[in-house]
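In case you want the letters, here they are:
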Amino acid sequence: VQLQASGGGLVQAGGSLRLSCAASGRTGSRFVTGWFRQAPGKEREFVSGITWSGGSTYYAASVKGRFTVSRDNAKNTVYLQMSSLKPEDTAVYYCAADTSYSENIVRSSVAYDYWGQGTQVTVSS
């Protein structure tokens, strides 16, 4: 499966952005999808995740209450609505997917076999 992340950009602190992750290829399979981000000089970190049904969602403590993950399986697309953005949210955001799902590892980047190319989010103060 191929993943295409989009929707990044430059926004002022307090603003909002919506990222999209569009899947193509083996879209008949059921994927759990995660969002990760990597800031310059820092390790890649988990941001959010959502199961195929959308029935379970996961958030990093740093974004809970500000970010909302959702999906539209008819469009093979997962969204990350980001609100109340802070300068520390500045990073390259990646979406990732895998057919295997476990609540124990959904926050781990090693759980995902498929990755998008990343989209830059810059929040100015």
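Up top you'll find the structure we're talking about.
Enquirer: Is there a simple way to think about the pairing of strand β4 (residues 32–38) in this case?
Expert: The two faces of the sheet receive side chains in turn, since in a regular strand these alternate between them. Buried residues dominate β4, accounting for six of its seven residues. The pairing of β4 with strand β9 (residues 91–98) spans seven bridges and is classified as antiparallel. Paired with Thr33 across the two strands is Ala97, which belongs to β9. The hairpin formed by β4 and strand β5 (residues 45–50) contains six residues between the paired strands, and Gly41 there has a positive phi angle of roughly 75°.

Enquirer: Got a minute to help me understand the environment of Gly8 in this structure?
Expert: Within the fold, Gly8 resides in the loop between β1 (2–6) and β2 (9–12). In this structure, the C-alpha to C-alpha distance between Gly8 and Gly28, residues 20 residues apart in sequence, is 27 Å.

Enquirer: Can you help me understand the state of the cysteines in this one?
Expert: Here is the idea: a disulfide is a covalent bond, and it sits between the sulfur atoms of two cysteines. Summed over the entire model, instances satisfying the criterion amount to one disulfide. The disulfide partner of Cys21 is Cys95, and the S-S distance across this bridge is 2.2 Å. Between Cys21 and Cys95, the S-S dihedral sits near 75°, and the bridge is therefore right-handed. Residue Cys21 is found in strand β3 (residues 17–24), and its partner Cys95 is found in strand β9; the two are separated by 74 residues along the sequence. Given a relative accessible area of 2%, Cys21 falls into the buried group.

Enquirer: Teacher, can you tell me more about the environment of Cys95 here?
Expert: Judged by its relative accessible area of 0%, Cys95 falls in the buried class. Between the C-alpha atom of Cys95 and that of Ser70, which follows or precedes it by 25 residues, the distance is 13 Å. Sequence-distant contacts of Cys95, that is, excluding residues within four places in its chain, are made with Leu3, Ala5, Cys21, Gly34, Trp35, Tyr114, Trp115 and Gly116.

Enquirer: For this particular structure, what's the right way to read the pattern of salt bridges?
Expert: Note that side chains of opposite charge can pair when their charged atoms are close. According to the stated counting rule, one finds three salt bridges in the structure shown. The partner of Arg37 in a salt bridge is Glu45, and the shortest N-O contact between them spans 2.6 Å. Using a relative accessible area of 6% as the deciding quantity, one classes Arg37 as buried. The partner of Arg66 in a salt bridge is Asp89, with the nearest N and O atoms 2.7 Å apart. Remark: Asp89 occurs in the loop between β8 (77–82) and β9 and Arg66 occurs in the loop between β6 (57–59) and β7 (67–72); sequence separation between them is 23 residues. Under the relative-accessibility criterion, Asp89 is labelled buried at 1%.

The rules behind the values
- Residues numbered from 1 in each chain as written.
- Predicted model: local features only at pLDDT ≥ 70, side-chain atom pairs only at ≥ 80, totals over all residues.
- Heavy atoms only, no water.
- Buried < 20%, exposed > 50% of the residue type's maximum accessible area, 1.4 Å probe, protein only.
- Helix = DSSP H or I, 4+ residues; strand = E, 2+ residues; numbered from the N terminus.
- Pairing = 2+ DSSP bridges.
- Disulfide = S-S within 2.5 Å.
- Contact = heavy atoms within 4.5 Å.
- Salt bridge = Lys/Arg side-chain N within 4 Å of Asp/Glu carboxyl O.

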